[in-house]
Amino acid sequence: MRRTEFISTGMYVPERVVTNDEFTQWMDTSDEWIRTRTGIVERRWVADGETGADMAYVATTRALERAGLQASDLDAIVYCTLSPDYFFPGTGVFLQRKLGLPGVPCLDVRNQCSGFLYGLSVADAWIKSGQYRRVLLVGSEVHSTGMDLTTRGRDLAVLFGDGAGVAILGPTEDGGRGVLSTHIFADGTYAELLFCDAPASARRPRLSHEDLDTARIYPVMNGKEVFKHASTRMPEAVQLALKTSGLTTKDIKMFIPHQANLRIAEMVRRQLDLSEDQIYNNIQKYGNTTAGSIPIALDEVVQAGRLARGDLLVLAAFGSGFTWGSAAIRW
Ligand code: COA
């Protein structure tokens, strides 16, 4: 049976480290508030002119090198982001151009924090069906250019960071290994609870002076609702992944939740009755990098040698949309 395996991974985060203390020069906040509510200690911000595609390119070159592959070995790109470099075209084509791959299809996935899992479900289907052999799956995010750095925007500005993670996926016939399942969900009832109103083709004009003056260009969030849904939907999705493959939480070698908030991750861990060794968190260093968070964490786990062939890896995410999902992978 043909399944999808992770051939290699890569990540890149910008050089600039922004500590919690730095925010106090712009807004009424504190290192203590941010750490205790979120677990975040610092995050990375892009340099002026550095884009999501630039970050994804570096992450991709690292993954290609580790796999001993050339860019020309890639057959398709799935690029997941909520912060595309431009309104259109999608950012996948900018990455494709940097990689020198004219003709290779580029699909942009706009599913926010669940983007990488949505992208994985598509790439997995392509590979299993034989439509494409090697797929580059990208999660790359630039938040720092779109945050309200005043006290008005403090609930969101401190949470997010920039960064990119990628995986190169391909077919395996090695019985039992590879992606065992992906499950993705959405509920648009809650679309405005984590939302960015402008610019938007739903308005004429898409961007107005009023949008700038009223801060409509910045995201808004009902943090408590997001917290509540995230901490129930992620464990549900993990249990579904396990049940689908006849596994239990005891079988999990490594669980990587989307990095939104250390308190959410901790609640999910407890609900699943996982030990601290079974979960990986790095939000302390990078904040929430949205579609980038799972592949960045995965690359750190892989480079640290914490996954051996045959280990069970479980991923779960929740985010704006609302969207959520899980994946189970026999490494
Ligand atoms: N610094 C200081 N105070 C802040 C602040 C900041 N950066 N951001 C918000 N506050 C204030 C608020 O203004 C509010 O003040 P008020 O009570 O005077 O109105 C207060 O802190 C809110 O505190 P509390 O209700 O205890 O916050 P919380 O425990 O709900 O934590 C979040 C807030 C945002 C950290 C939390 O709701 C959360 O993490 N939600 C999920 C977010 C998430 O995961 N988003 C991404 C999903 S993919």
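Residues numbered from 1 in each chain as written. Predicted model: local features only at pLDDT ≥ 70, side-chain atom pairs only at ≥ 80, totals over all residues. Heavy atoms only, no water.

## Overview of the layout of surface pockets
- Approximately 1,300 Å³ is the volume attributed to the largest pocket.
- In this structure, the largest pocket is lined by 43 residues; those nearest its centre are Leu 82, Ser 83, Pro 84, Arg 110 and Cys 196.
- Of the residues in the lining of the largest pocket, the class split is 24 nonpolar, 12 polar and seven charged.
- Each of domain 1 (3-172) and domain 2 (178-330) contributes no fewer than three residues to the lining of the largest pocket.
- As a volume, the second largest pocket reaches approximately 600 Å³.
- Around the second largest pocket sit 26 residues that line it, and Leu 159, Met 221, Gly 223, Phe 227 and Asn 261 are the ones nearest its centre. (1 Å grid on protein atoms, 1.4 Å probe; cavity = no way out; pocket = protein on both sides within 12 Å on 5 of 7 lines; lining within 4 Å. Points joined across faces, edges and corners; volume = space filled by probe spheres on them. Nonpolar A, V, L, I, M, F, W, Y, C, P; charged D, E, K, R; others polar. Domains from an automatic or database assignment.)

## Some remarks on the site of the ligand
- The local shell around the ligand holds 23 residues, among which Thr 29, Arg 37, Arg 154, Lys 224 and Asn 261 are the closest.
- Thr 29 is positioned with one of its side-chain polar atoms (N or O) 2.6 Å from a nitrogen atom of the ligand.
- Trp 33 places a polar side-chain atom, nitrogen or oxygen, 3.4 Å from a nitrogen atom of the ligand.
- When atoms are counted within 2 Å of each cavity's grid points, the one that captures over half of the ligand is the second largest pocket.
- Of the residues assigned to the shell around the ligand, the class counts are 10 nonpolar, seven polar and six charged. (Near = heavy atom within 4 Å. Polar contact = N/O pair within 3.5 Å; in protein donor to acceptor, adjacent residues only side chain to side chain. Sits in = over half its atoms within 2 Å of the grid points.)

## Details of the state of the cysteines
- Applying the stated criterion across every chain yields a total of zero disulfides.
- No disulfide involves Cys 106; its sulfur sits 12 Å from that of Cys 80, the nearest cysteine. (Disulfide = S-S within 2.5 Å.)

## Regarding the domain arrangement of the chain
- One can read the domain layout of the chain as domain 1 (3-172) and domain 2 (178-330).
- Each of domain 1 and domain 2 has a C-alpha centre, and these two points are 14 Å apart.
- Taken residue by residue, the interface counts 51 residues in domain 1 and 53 residues in domain 2.
- When domain 1 packs against domain 2, close to 4,000 Å² is buried across both sides, 65% of that on carbon and sulfur atoms.
- Applying the counting rule to domain 1 against domain 2 returns one salt bridge.
- Here Asp 299 ties to Arg 66 by a salt bridge, and the two come within 3.1 Å at their closest N and O atoms.
- Seen at the junction of domain 1 and domain 2, the total is 20 residue pairs in polar contact (both at pLDDT 80 or more).
- Sort the elements by how many residues they give to the side of domain 1 that touches domain 2 and strand E1 (residues 3-12) lands first, with seven residues. (Contact = heavy atoms within 4.5 Å. Buried area = accessible area lost by both parts, 1.4 Å probe. Salt bridge = Lys/Arg side-chain N within 4 Å of Asp/Glu carboxyl O. Helix = DSSP H or I, 4+ residues; strand = E, 2+ residues; numbered from the N terminus.)

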